[in-house]
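# Breakdown of the fold
Okay, here's what each chain looks like letter by letter:
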Amino acid sequence: MAATEVDVFANEEKRNLELGGHVGFDSLPDQLVSKSVAQGFCFNILCVGETGIGKSTLMNTLFNTTFENEEGSHYESEVHLRPQTYDLQESNVNLKLTIVHTVGFGDQINKEESYKPILEYIDAQFEKFLEEELKIKRSLYNYHDTRIHICLYFIAPTGHSLKSLDLVTMKKLDSKVNIIPVIAKADTVSKSELDKLKIKIMSELVSNGVQIYQFPTEDEAVAEINSSMNTHLPFAVVGSVEDVKVGNKMVKARLYPWGSVQVENENHCDFVKLREMLLRVNMEDLREQTHARHYELYRRCKLEEMGFKDTDPDSQSFSLQETYEAKRKEFLVELQRKEEEMRQMFVNKVKETEAELKEKEKELHERFEQLKRMHQDEKKNLEEKRRELEEEMNAFNRRKVAAETLMGQALQGCSQQPFKKDKDKKKLTCQTVSQAGALLFTFDWSHRCSRHVQHR
Ligand code: GTP
Ligand code: MG
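Residues numbered from 1 in each chain as written. Chains lettered and ligands numbered in written order. Predicted model: local features only at pLDDT ≥ 70, side-chain atom pairs only at ≥ 80, totals over all residues. Heavy atoms only, no water.

As a reminder, the rule being used: UniProt positions are given in the numbering used here, feature names are shortened, and annotations may be inferred rather than shown by experiment.
Named according to an unreviewed UniProt entry, the protein is Septin originating from Lates calcarifer. Looking at the Sequence similarities (unreviewed entry) heading of the UniProt record, one finds this comment for the protein: "Belongs to the TRAFAC class TrmE-Era-EngA-EngB-Septin-like GTPase superfamily. Septin GTPase family."

### Let's talk about the nonpolar core
We apply this condition: Buried Ala, Val, Leu, Ile, Met, Phe, Trp, Tyr and Cys residues form a nonpolar core when they are joined through side-chain atoms within 4.5 Å. The rule is simple: take the accessible area with a 1.4 Å probe, protein chains only, and divide by the maximum for that residue type; under 20% is buried, over 50% is exposed, in between is partly exposed. Secondary structure elements are defined from DSSP: runs of H or I of at least 4 residues count as helices, runs of E of at least 2 residues count as strands, and each element is numbered from the N terminus. Any two residues having at least one pair of non-hydrogen atoms within 4.5 Å are treated as being in contact.
F43, I45, L46, L152, I180, F235 and L278 are the most contacted members of the largest nonpolar core, which totals 76 residues. It is helix α4 (residues 116-134) that contributes the most residues to this core, seven residues altogether. Leaving out residues up to four positions away in the same chain, I45 has contacts with M59, F63, L97, T98, I99, V100, I150 and L152.

### Digging into the sheet that holds strand β1 (residues 41-48)
Test applied: The pairing criterion for strands is at least two bridges between them, as found by DSSP. In this analysis, axes come from line fits to C-alpha atoms, helices being fitted only over the stretch in contact, and the angle between any two N-to-C directions falls in the range 0 to 180 degrees.
If you trace the six strands from one edge of the open sheet to the other, you get β2-β3-β1-β4-β5-β6, paired in mixed fashion. Only two strands of the sheet have a single partner each, and these edge strands are β2 (80-90) and β6 (235-236). Direction of pairing for strand β5 (residues 179-183) relative to β6: parallel, over a ladder of two bridges. Among the inter-strand pairings, V182 is bridged to a residue of β6, identified as F235. α4 contacts β1, β2 and β3 (93-103) of the sheet and is inclined by roughly 50° relative to β2.

### Brief notes about the side chain of R82
Looking at where R82 falls in the secondary structure, it is placed in strand β2. When near neighbours in sequence (up to four residues on either side) are disregarded, R82 contacts E70, I99, V100, H101 and V103.

### So, the packing of aromatic side chains
Operational definition: Centre distance within 6.5 Å is the pairing criterion for rings of Phe, Tyr and Trp, where only the six-membered ring of Trp is used; planes under 30 degrees apart are then read as stacked, over 60 as edge-to-face, and the remainder as tilted.
Scanning the model with the defined rule gives 10 aromatic pairs in all. Considering the side-chain rings of F126 and Y295, the 5.9 Å spacing of their centres and the 50° angle between planes classify their relative orientation as tilted. Within this pair, whereas F126 is found in helix α4, its partner Y295 is found in helix α9 (residues 283-305), the two being separated by 169 residues in sequence. As far as burial versus exposure is concerned, F126 and Y295 are alike and both buried. Here F215 and F235 contribute two aromatic rings whose centre-to-centre distance is 6.1 Å and whose plane-to-plane angle is 20°, an arrangement assigned as stacked. With a gap of 20 residues between them, F215 in the loop between α6 (191-207) and α7 (220-230) and F235 in strand β6 connect regions that are remote in the sequence. Residue class for F215 comes out buried when judged on its relative accessible area of 2%. The class of F235 is buried, set by a relative accessible area of 0%. Within the aromatic cluster, the residues linked to one another by ring pairs are F126, F129, Y143, Y295 and Y298.

### What to know about the side chain of N226
Threshold: For the purposes of these results, a polar contact is taken to be a pair of N or O atoms within 3.5 Å, where, inside protein, one atom must be able to donate a hydrogen and its partner to accept one; residues adjacent in sequence count only when each atom of the pair is a side-chain atom.
Counting through the fold element by element, N226 comes out in helix α7. Polar contacts involving the side chain of N226 include one to the side chain of N282, which spans 3.0 Å. In contact with N226, not counting residues within four places along its chain, are F215, P216, T217, M277, V281 and N282.

### Describing the environment of S164
Mapping S164 onto the fold places it in helix α5 (residues 164-173). Under the relative-accessibility criterion, S164 is labelled exposed at 56%. Each C-alpha atom of the pair S164 and E112 lies 9.7 Å from the other, and the pair is 52 residues apart in sequence.

### Section: the site of ligand 1
Formally: Nearness here has a simple test: a residue counts as near a molecule or strand if at least one of its heavy atoms is within 4 Å of that partner. Using a 1.4 Å probe, the Shrake-Rupley method yields the accessible areas, and only the shown protein chains count as cover for residues. Note that Gly is not counted as nonpolar here; it falls among the polar residues with everything else outside the nonpolar set of Ala, Val, Leu, Ile, Met, Phe, Trp, Tyr, Cys and Pro and the charged set of Asp, Glu, Lys and Arg.
In the vicinity of ligand 1 there are 17 residues, among which S56, T57, G72, D187 and G239 approach most closely. T57 has a polar side-chain atom sitting 2.4 Å from an oxygen atom of ligand 1. Y256 has a polar side-chain atom sitting 3.3 Å from a nitrogen atom of ligand 1. Compared with its free state, where it exposes 640 Å², ligand 1 has 78% of that area covered by protein. If you list the elements that add at least two residues to the shell around ligand 1, you get α3 (55-63) and β8 (249-256). Per-element tally for the shell around ligand 1: the top contributor is α3, with three residues. Classifying every residue of the shell around ligand 1 gives three nonpolar, eight polar and six charged.

Next comes the structure, spelled out in structure tokens:
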């Protein structure tokens, strides 16, 4: 439609006409109601609180039934979320209720990251819905909406105020989900202490900028009750599934040696206020806020991240095709840059490795040269030694020959004078000769040994 045409329609005055009789479009609200009733409703509650704080008991008390209840252990290494979905029916209204419990919350020594799994879970549900919305063939009509509509944050009744874990977690979640803080096991605190605790908690939430869910006051029908209930936050709740006879009535209560705490007695606790606000008065507002505020914020950020933007009245009109093309080009440029970066990294790595190998080769070559020199020196030394030994052997042989000749001559001399009377003289001569030979031999060996020792 051309802009001028739009302007014409905008400036056109609306005329009120009288109808001649009943035509039927006044049944439109009824049509909507019956369509919604036929379709059924989804409601998803996230219970955030320490292990054993009373989450499951409160859920059972709220819906007056017994949900599956698996007790948590105090030894979980990290927080994880456990969703359970139930089909409930009241009158002719069908409700698909999902209760998500935080298992292991507050049990770790280091609680810094405790909020992360919760945040991730909430985002994952938004992401699932966005994916469905962006599909070509959407089936939002029968889509099981798992987005969290309300986060009941359970505050321990034992402290003097909020713990840092409570503040950090609520602060991280407040832009993602509607938060209603509740003081759990309120029957364990005296009335005056409870009043002080409520004031302290609210002032801490305000001073730390934590946005909790405020019951809406725009609708006149509920403005009064909602604005009065806003002053009772955080609700101090007591949960019980035990039926106790009080007077002639059976009521849900907790029994103690000194008396009983009635869950639905507004003088005992705020359970009824919570149920009224959560289920009877503001359930639809919680669903609407989730879609119009929290999901919208998620969707906007996500689409902006993807490169989509709205039409600026002063600039050209927004085209999905153009955005897609621009984003594709951007992506391709980024891909090319990444590829080039990786190629460069690979080349550098190869160069580095090559240089390292060259260095190693040089070292090996030097070592080889050194060993070669050592080997040559050794060889030279051995040659020298061999030459010396040969010389010694020759000298020894010469001496040996000389000694043998000397001995031969001496023996010959002895054998040619057999009839000499002086036998002692002969003996002496023979002894002298053999001693000379032995001496010669000994001299030679001692000489060789001393040379050998000297050499070593
Ligand atoms: P996990 O699922 O194990 O983390 O525990 P939870 O938070 O679901 O607590 P659960 O409802 O199982 O209750 C734990 C204990 O607290 C049980 O013994 C309950 O009877 C008790 N309890 C629950 N609500 C209240 C309450 O309002 N007041 C008191 N005094 N005790 C309660
Ligand atoms: Mg439980």
